[in-house]
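# Observations on the model geometry
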Amino acid sequence: KCPKMEVLCELKCGKRLCRENMAQHLKQECGLVVEKCELGCGVKLTRNELEIHVKATCPQRKTSCKHCKKDFKFCDMTHHLDKCPEMEVSCILKCGVVMCREDMSQHVEQNCVEKEIECLFTKYKCVGLVKRNNL
């Protein structure tokens, strides 16, 4: 077998090359070689498929939170969104106001019309709690 003889890739990618270059082609170029995902998810795909997988479907790929702009692994994003301080959320007391999660406690304590607070007449022995909007 002549090392200079032109052959087709043994994985049938369509590439024509000298037999002596086959090992290098398989090691560095051939898109049909199966490899493990470089991001550590454990999946094994062809190089051609891995290119798409790493960018679009790997659960370990990096993605940015659209609210706080910080980077996370895609698989961690749902957990992050449950806590993201800059994500807009509705008031927990259901007053209808929407705000960043980090502003919730201040809103509830200082502005929320649904927050129960001490009656203004506590100095007259009233011990009731009333919603802020009922004062």
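Residues numbered from 1 in each chain as written. Predicted model: local features only at pLDDT ≥ 70, side-chain atom pairs only at ≥ 80, totals over all residues. Heavy atoms only, no water.

The next subject is the pattern of salt bridges. Per the counting criterion, the structure on display carries five salt bridges. We note a salt bridge from glutamate 20 to lysine 4, for which the minimum N-O separation is 2.7 Å. Highlighted residues: glutamate 20 in the loop between strand E2 (16–18) and helix H1 (22–29) and lysine 4 in the segment before strand E1 (6–8), separated in sequence by 16 residues. Taking relative accessible area as the criterion, glutamate 20 reaches 41% and is therefore assigned partly exposed. Put simply, arginine 47 and glutamate 35 hold a salt bridge, and the shortest N to O gap is 3.0 Å. (Salt bridge = Lys/Arg side-chain N within 4 Å of Asp/Glu carboxyl O. Helix = DSSP H or I, 4+ residues; strand = E, 2+ residues; numbered from the N terminus. Buried < 20%, exposed > 50% of the residue type's maximum accessible area, 1.4 Å probe, protein only.)

With that settled, the discussion passes to the packing of aromatic side chains. Scanning the model with the defined rule gives zero aromatic pairs in all. Between arginine 61 and the ring centre of phenylalanine 74, over which it is positioned, the NZ or CZ distance is 3.8 Å. (Phe/Tyr/Trp six-rings, centres within 6.5 Å; stacked < 30°, edge-to-face > 60°. Lys NZ or Arg CZ within 6 Å of the ring centre and 35° of its normal.)

Grouped together as the largest cluster of nonpolar side chains are seven residues: Val7, Cys9, Leu17, Met22, Leu26, Cys30 and Val33. With residues up to four places along the chain from it excluded, the contact list for leucine 17 reads Met5, Glu6, Val7, Cys9, Met22 and His25. (Core = buried A, V, L, I, M, F, W, Y, C linked by side-chain atoms within 4.5 Å. Contact = heavy atoms within 4.5 Å.)

Before going further, it helps to examine H1. Of all the residues in H1, the buried ones are Met22, His25 and Leu26. The buried residues of H1 all sit within an arc of 95° when viewed along its axis, so they share a single face. The outward face of H1, more than 90 degrees from its buried face, is lined by the exposed residues Ala23, Lys27 and Gln28. (Arc of directions from axis to C-beta.)

Before going further, it helps to examine a nonpolar patch on the surface. Side chains of Leu120, Phe121 and Tyr124 sit close together on the surface and give an oily, nonpolar patch of about 390 Å² of accessible area. Checked against the element boundaries, tyrosine 124 lands in the loop between strand E9 (116–118) and strand E10 (129–131). Relative accessible area serves as the criterion here: at 57%, tyrosine 124 is assigned to the exposed category. (Patch = residues over 30% accessible without salt bridge, like charges linked within 9 Å, V, L, I, M, F, W, Y side chains within 5 Å. Areas by Shrake-Rupley, 256 points an atom, 1.4 Å probe, with all protein chains shown as cover.)

What follows deals with the environment of cysteine 65. With respect to the helices and strands, cysteine 65 occurs in the loop between strand E5 (62–64) and strand E6 (71–73). When its relative accessible area of 1% is taken as the criterion, cysteine 65 is described as buried. Spatially, the C-alpha atoms of cysteine 65 and histidine 80 are 8.4 Å apart, while their sequence positions differ by 15 residues. Residues in contact with cysteine 65, not counting those within four places in the same chain, are Lys70, Phe72, Met77, His80, Leu81 and Cys84.

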